[in-house]
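Descriptive analysis of the structure
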Amino acid sequence: MKDIKSNLIYIIDINKYMSNDLPITKVLNCYELLNTILSHMNNFDDFIRTRLVNKIFNKVVTDYLSKSVNNSNILSGKGTFIPINYCWYCNKSNDLTQINYCQDYHPRRIIIVCKNKICMKIAYTSYLQESLNIDKLIILSKPILIKECIIPRSNGTFNQATINQDYLAIIDNKIHIKVDFKENDNIYIKCCPIIKLWEINKGAVKEQFADLILDIKKNGIRYLPFFNKIDTIKIQNYVQNLIDDSNEKNLFI
Ligand SMILES: [Zn+2]
């Protein structure tokens, strides 16, 4: 830890001499230098925290997180008969943590790993890929702000529902929001197209959906940086579909 700290101070000092009008070669050299130093940093939490130092640190860390993981390294989340005493990637038994599948009901899938940078990256990548490929969900880096809304039911009525704020669902290449609603003391799950929710809700909630759709159109979906490049392209295509769809209906004119 002491070594990491002294390295960091060294990097921050170098950083003092950087400015926006540096020639690109100097910026690249600094990127390479940081890349080399940070590659020796093993604790995941310390590594992630360096993103906050400035834009170049952020880029080095984000580039590392979004690099593809070899398919043979992918871990699979488990919901029952879970070995919890060792890291599922490196087998070490200290400094363990768990990645929860926020979309699951009990028994919720989890992955157990240690806080080593590589183990954590593989765990997060596995979780995101499984969520996207099997559950058709994009896990967001920031939760959706809307908590509750009205949803349409297949019998033509409407219900109050609670929104799952941590992810968006992809069904037939369209972006949906997953909600829970209660009826006769039972809890049901439903996925609703984001455009439909904008159409049927009223007042402040309608405005919140309009803001969310505009934000997606303008900035894309803010997904976790652990998605690999192919997944990122898939997500961008989904967003394009959403934009094409909303243009058709002249949503904002
Ligand atoms: Zn490990």
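Note: the structure precedes this text.
Just so you know, these numbers come straight off a predicted model, no measurement behind them. (Residues numbered from 1 in each chain as written. Predicted model: local features only at pLDDT ≥ 70, side-chain atom pairs only at ≥ 80, totals over all residues.)

Attention now moves to the overall build of the protein chain. A count of helices and strands for the protein chain gives eight helices and eight strands. For the protein chain, with 253 residues in total, the buried portion stands at 24%. Considering only intrachain contacts with a sequence separation of at least 6, the fraction spanning at least 24 residues in the protein chain is 55%. (Helix = DSSP H or I, 4+ residues; strand = E, 2+ residues; numbered from the N terminus. Buried ≥ 20, exposed ≤ 12 C-beta atoms within 10 Å, placed from the backbone. Contact = placed C-beta atoms within 7 Å.)

This part takes up the pairing of strand β5 (residues 158-163). Along any regular strand the residues' side chains alternate between the sheet's two faces. Pairing geometry for strand β4 (residues 148-152) and β5, over five bridges, is antiparallel. By the bridge assignment, C149 is partnered in β5 with A161. Of the strand pairs in this sheet, β5 and strand β7 (residues 174-183) are connected by two bridges, and their pairing is antiparallel. Across the sheet, T162 pairs through a bridge with D180, a residue of β7. (Pairing = 2+ DSSP bridges.)

Glycine aside, residues mostly have negative phi, and peptide bonds are mostly found in the trans state. Here H106 and P107 are connected by a cis peptide whose omega angle stands at 0°. Counting through the fold element by element, P107 comes out in the loop between β1 (96-100) and β2 (110-114). Positive phi, normally seen in glycine, also occurs at D95, with a value near 60°. Located in the positive-phi region is K136, a residue other than glycine, with phi close to 60°. For K136, the location among the structural elements is in the loop between α5 (117-133) and β3 (137-139). Using a count of 18 C-beta atoms within 10 Å as the deciding quantity, one classes K136 as partly exposed.

Let us look at α5. Its 17 residues place the ends of α5 24 Å apart at the C-alpha level, agreeing with the 24 Å of an ideal helix rising 1.5 Å per residue. With respect to burial, α5 is a largely interior element, 14 of its 17 residues being buried. (Expected span 1.5 Å × (residues − 1).)

This part covers the nonpolar core. Formed by 48 residues in total, the largest nonpolar core has its most connected members in V113, C119, A123, I177 and L197. The element contributing the most residues to this core is α5, with eight residues. A123 has contacts with L75, I99, I111 and V113, leaving out every residue within four places of it along the chain. (Core = buried A, V, L, I, M, F, W, Y, C linked by C-beta atoms within 7 Å.)

This paragraph deals with the environment of N219. Structurally, N219 can be placed in helix α7 (residues 203-219). C-alpha separation for the pair N219 and V239, spaced 20 residues apart in sequence, amounts to 9.9 Å.

The next thing to look at is the environment of I151. Tracing the backbone shows I151 in strand β4. Looking at I151, the number of C-beta atoms within 10 Å reads 23, which means it is buried. Here the alpha-carbon distance between I151 and I200, two residues 49 residues apart in the chain, equals 7.6 Å. Ignoring sequence-local partners within four residues, the contact set of I151 consists of F158, N159, A161, V179, F181, K190, C192 and L197.

Here we come to the pairing of β2. Counting buried residues along β2, four of its five residues qualify, which places the element largely inside the surrounding structure. For β1 and β2, the ladder comprises five bridges, and the chain directions are antiparallel. Bridge pairing in β2 places N100 opposite I110.

Before going further, it helps to spend a moment on the environment of C114. Position of C114 among the secondary structure elements: in strand β2. A tally of 23 C-beta atoms within 10 Å means that C114 is categorised as buried. Between the C-alpha atom of C114 and that of N43, which follows or precedes it by 71 residues, the distance is 9.4 Å. Not counting chain neighbours up to four residues away, the residues in contact with C114 comprise C87, C90, K92, N94, D95, L96 and C119.

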